[in-house]
Structure formats: structure tokens, C-alpha cells
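Spelled out from the first residue to the last, the chains are:
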Amino acid sequence: MQDFNILDIRNVNKTYISAGKSLQVLHNINFFVKKGSSLAITGASGSGKTTLLGLCAGLDKATEGNVILNGIDLKGLTEDELAAVRNQHIGFIFQNFQLMPTLTALENVMVPLELRREKNIKTIALDLLDKVGLADRSHHYPIQLSGGEQQRVSLARAFSTKPAILFADEPTGNLDGETSVKIEQLLFDLNTQAGTTLVIVTHDLELAAKTNRIIKIKNGEIISDEPTLENPTIINQTV
Ligand SMILES: Nc1ncnc2c1ncn2[C@@H]1O[C@H](COP(=O)(O)OP(=O)(O)O)[C@@H](O)[C@H]1O
Ligand SMILES: [Mg+2]
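Residues numbered from 1 in each chain as written. Chains lettered and ligands numbered in written order. Predicted model: local features only at pLDDT ≥ 70, side-chain atom pairs only at ≥ 80, totals over all residues.

- You'll find the chain entered in an unreviewed UniProt entry as ABC transporter ATP-binding protein, with Pedobacter alpinus given as the organism.

1. Concerning the environment of Ser160
For step 1, the next point in the chain: Within the secondary structure, Ser160 sits in the loop between helix H5 (147-159) and strand S7 (165-169).
For step 2, the next point in the chain: Setting aside residues up to four positions removed in sequence, Ser160 forms contacts with Val109, Pro112, Leu113, Ile124, Ala125 and Leu128. (Helix = DSSP H or I, 4+ residues; strand = E, 2+ residues; numbered from the N terminus. Contact = placed C-beta atoms within 7 Å.)

2. Some details on the packing of helix H3 (residues 105-115) against helix H4 (residues 121-131)
For step 1, the next point in the chain: One can describe the packing of H3 onto H4 by two numbers: an axis separation of 9 Å at closest approach and a directional angle of 125 degrees. In terms of orientation, H3 and H4 fall into the oblique class. Read as a crossing pair, H3 and H4 show a hand that is right-handed. Residues Ala105, Leu106, Val109, Met110, Leu113 and Glu114 of H3 form the contact with H4, whose own contacting residues are Ile121, Lys122, Ile124, Ala125, Leu126, Leu128 and Leu129.
For step 2, the next point in the chain: A breakdown of the residues in the contact of H3 with H4 according to their chemical character gives eleven nonpolar, no polar and two charged. (Axes fitted to C-alpha atoms, helices over the stretch in contact; angles between N-to-C directions. Parallel < 35°, antiparallel > 145°, perpendicular 65-115°, else oblique. Left-handed = near helix turned anticlockwise from the far one by under 90°. Nonpolar A, V, L, I, M, F, W, Y, C, P; charged D, E, K, R; others polar.)

3. Points about H5
For step 1, the next point in the chain: Given a rise of 1.5 Å per residue, 13 residues ought to cover 18 Å, and the 18 Å separating the end C-alpha atoms of H5 matches this to within 8%.
For step 2, the next point in the chain: Judged by how many residues are buried, H5 sits mostly within the fold: ten of 13 residues are covered.
For step 3, the next point in the chain: For H5, the complete set of buried residues consists of Gln150, Gln151, Arg152, Val153, Ser154, Leu155, Ala156, Arg157, Ala158 and Phe159.
For step 4, the next point in the chain: For H5, the elements touching its buried residues are strand S6 (90-93), H3, H4, S7 and helix H6 (177-194). (Expected span 1.5 Å × (residues − 1). Buried ≥ 20, exposed ≤ 12 C-beta atoms within 10 Å, placed from the backbone.)

Now the structure itself:
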């Protein structure tokens, strides 16, 4: 399965229409991601990173082109079908966590498992909270947690369904040094132990260097796509 492209982005354009004006934020994006690899997307603020991640994860639709995730072309899927694909294949860590404020840490982690009608949901969720060091915070609400703790809950939630691919939007952006190291460790453990493909948007060049490959974007275009020097084991060239 090493050579399987879990993500295949072909000629993708994205144009937002707001206040009657159109703004093209992604221009002819093309890349493949090999299953089990890790990839960092870097670029200045406003360059289109979050938009690109959202399209890759089926949270939003490309204006033109194809996003093929785990062999499924997302084009033409209904909102319900997209939601099912996300729940089945994807974990997503949002820049601003997006935890549900009315649910406890434990309940937040349980949500994706409930959607999948899994068994032993509570045990699985408690185990995940334990893994991210929050066993004693399971009954706290997001507002009662620090930014780093909310990020770890968000990570536990994203891991809960053992996704084939995990998207993380600046996962260490709001965290102190010590907490970032822990979060990074959890991400890469998932990559090596469960074979989860990682796609990480980051400003942190040290974090980017720990992945197999770095894609740089500028003004909505890919300006470079290179394997990292440190971890060039899996080379994923754009075709
Ligand atoms: N929903 C939206 N409607 C209109 N413009 C948007 C929307 N989301 C993002 N943009 C614009 O698209 C560009 C890229 O944004 P974004 O993908 O968030 O960049 P980044 O994550 O690299 O900072 C920015 O100019 C931003 O203002
Ligand atoms: Mg962003």
C-alpha cells in the first residue's frame, strides 16, 4: 500500500464570492500524497493554506478541479455524503480547536464515535484523553480548559476514529514550547504507529522539517514541493 495516493489534488482552483466580488485564492493546485507519509504546508498568512486544507478534507468544495481522497472523488458528493466521508476517513484539528462549548471534554471526544455507532465509546474516549494527559479533565467544559488543554482534547477527538489521514491546521500555533513538543510527539506517534497520513499546516519550520515533505504556497500557488533533507524516506513528487 506504500505507493497508494491517499490524496490526489488535480488542477484545483478556489474562488470565493463575497459582497458581489470574486476572489481567486487557489490557482491550479496539483499534488499527490502517499499513504502513511507526512507533509507540511507552509506559507505566509493569507496565502491560502487553511482554504487548501479545508478542500482536501471535504469541509469545503473546490471551484474547479478534483480532490480525490482515499480513492473517492469528492466532486459531486452531497453534504451528507461528504460528512460521511469525513467521519469515515478523516481527522481534522482546527486552528481554533472548534470544540462544542456545551459538551465536556469526554463528550467532545465521543461525538465522532457516536456518529459511527461504535461500541464502548466512553472507554475509548477516556483512554484517548488519558493518552493526551487529560484523564483528570474529562468532565471539564472547554471554557474551563487552557488553550493547550483544548488543543489536546481536539487532538483526542481527531484521533478517536483512527483516521486514515489527519489534517492539522497550525496545531502548535497557540501553544507554549513544552506543550507543542507533546502535541508533535502525539502526531508523529500516530503517523508511525497507526500509519496515519499527516498533512500539517504550520509556520514552524522545525515542525515542518520533521515531516517527509514540504509544500510552500504563496498567493494561492505552489512555489515549491520538496522532500525534507532529514526524512526523505518517502518521496512524493508532484506529477
Ligand atoms: N470564506 C471566505 N470568503 C472570502 N474570502 C475568504 C474566505 N476564507 C478565506 N478567504 C480569503 O482567502 C485568502 C486565503 O485565506 P486562508 O486560506 O485563510 O489563508 P491562510 O490560512 O494561509 O492564512 C485570504 O485572502 C482570505 O481573506
Ligand atoms: Mg490559516
